[in-house]
Amino acid sequence: MAKQNNDAFLKKLLATFRIEADEHLKAMSAGLAELEKSTAAGRQAEIVESVFREAHSLKGAARAVNLKEIESVCQPLESVFAALKSKQLAVSPPLFDLLYQTVDSLGGLLAEDTGAPESRQAMLAPLIRQLGDALQGRFDQPAAAQRGARPGRRRGAR
């Protein structure tokens, strides 16, 4: 009986997490779209702070439900926003491409319950590497483009 109760609780917790995570991703996507259009430095700082908090909250929520893949992507994503906050990194079209791709990949992780953790981690490794490279000011083609992104996906289209 205790095992059934625990399994039911875990299912409810994960369902709640997915709803919350989707809200974080929508807020990040909207924030990125607004940041891309904004020219006022003060407003840009507010948006970066807001998106940073969303990434941080998603990372913590993923950690709470033991979703390591999502947590492993959110950590370098949060670091990129921290670098933007501290002006160690500047916004640029390649950075926006990478950030949108990261949000899309996180959404894909939330949507799929299939696939071995090893294959998901192998798929995420290039994205995590690119986020680390972005912190150093190096930009490659977004990870999804390298492995064949979903066609027709627009920036911020969530």
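Above this text you will find the structure in question.
All values reported here derive from a predicted model rather than from experimental measurement. (Residues numbered from 1 in each chain as written. Predicted model: local features only at pLDDT ≥ 70, side-chain atom pairs only at ≥ 80, totals over all residues. Heavy atoms only, no water.)

(A) Region of the structure containing the overall build of the protein. Counting its regular elements, the protein contains six helices and zero strands. Starting at the N terminus and walking to the C terminus, you meet the elements of the protein as α-α-α-α-α-α. Looking at the 158 residues of the protein, the share that counts as buried comes to 39%. The contacts of the protein with a sequence gap of at least 6 include a subset with a gap of at least 24, amounting to 68%. Roughly 8800 Å² of accessible area belongs to the protein as shown, and the carbon and sulfur atoms make up 55% of that amount. (Helix = DSSP H or I, 4+ residues; strand = E, 2+ residues; numbered from the N terminus. Buried < 20%, exposed > 50% of the residue type's maximum accessible area, 1.4 Å probe, protein only. Contact = heavy atoms within 4.5 Å. Areas by Shrake-Rupley, 256 points an atom, 1.4 Å probe, with all protein chains shown as cover.)

(B) A look at the environment of L99. Within the secondary structure layout, L99 lies in helix α4 (residues 93–111). Accessibility expressed as a relative area gives 1% for L99, which makes it buried. Considering only alpha carbons, one finds L99 and L127, 28 residues apart in sequence, at a separation of 9.9 Å. Among residues more than four places away in sequence, those in contact with L99 are L32, L77, V80 and F81.

(C) Representation of the packing of aromatic side chains within the structure. The tally for this structure, following the rule as stated, stands at one aromatic pair. Where F96 meets Y100, the ring centres are 6.5 Å apart and the plane angle is 35°; that geometry is what we call tilted. On the criterion of helical spacing, the pair formed by F96 and Y100 is a turn pair, its members being four residues apart in helix α4. Each member of the pair, F96 together with Y100, is buried. The residue whose ring lies beneath K85 is F52, and the NZ or CZ to ring-centre distance is 4.0 Å. (Phe/Tyr/Trp six-rings, centres within 6.5 Å; stacked < 30°, edge-to-face > 60°. Lys NZ or Arg CZ within 6 Å of the ring centre and 35° of its normal.)

(D) Structural context of the pattern of salt bridges. Scanning all chains against the criterion turns up nine salt bridges. The salt bridge partner of R129 is D133, with a shortest N-O separation of 3.0 Å. One end of the pair, R129, and the other, D133, are both in helix α5 (residues 117–135), four residues apart, so they sit about a helical turn from each other. (Salt bridge = Lys/Arg side-chain N within 4 Å of Asp/Glu carboxyl O.)

(E) Highlighting the environment of L25. Relative to the helices and strands, L25 is located in helix α1 (residues 2–37). For the pair L25 and V51, spaced 26 residues apart in the sequence, the C-alpha separation amounts to 9.3 Å.

(F) Quick peek at the nonpolar core. Grouped together as the largest cluster of nonpolar side chains are 37 residues, with contacts concentrated most on F17, M28, L58, I70, L77, F81 and L106. With nine residues, α4 is the single largest residue contributor to this core. Not counting chain neighbours up to four residues away, the residues in contact with M28 comprise V51, E54, A55, L58, L77 and V103. (Core = buried A, V, L, I, M, F, W, Y, C linked by side-chain atoms within 4.5 Å.)

(G) Spatial organisation of α1. Look at α1: 52 Å from first C-alpha to last across 36 residues, which is about the 52 Å you get at 1.5 Å a residue. Three or more residues of α1 are buried, namely F17, A21, H24, L25, M28, S29, G31, L32 and L35. Check the buried side of α1 and you find it contacts α2 (41–64), α3 (68–85) and α4. (Expected span 1.5 Å × (residues − 1).)

(H) Representation of α4 in the model. Between the first and last C-alpha of α4 there are 27 Å, a value that for 19 residues agrees with the 27 Å anticipated at 1.5 Å per step. Where burial is concerned, most of α4 is hidden: 15 out of the 19 residues are buried.

(I) Local environment of unusual backbone geometry. Even without a glycine there, the phi angle at N66 is positive, about 60°. With respect to the helices and strands, the residue N66 is situated in the loop between α2 and α3. Overall, N66 belongs to the exposed group, its relative accessible area being 52%. Positioned with a positive phi, K87 is a non-glycine residue whose angle comes to about 65°. Here K87 shows up in the loop between α3 and α4.

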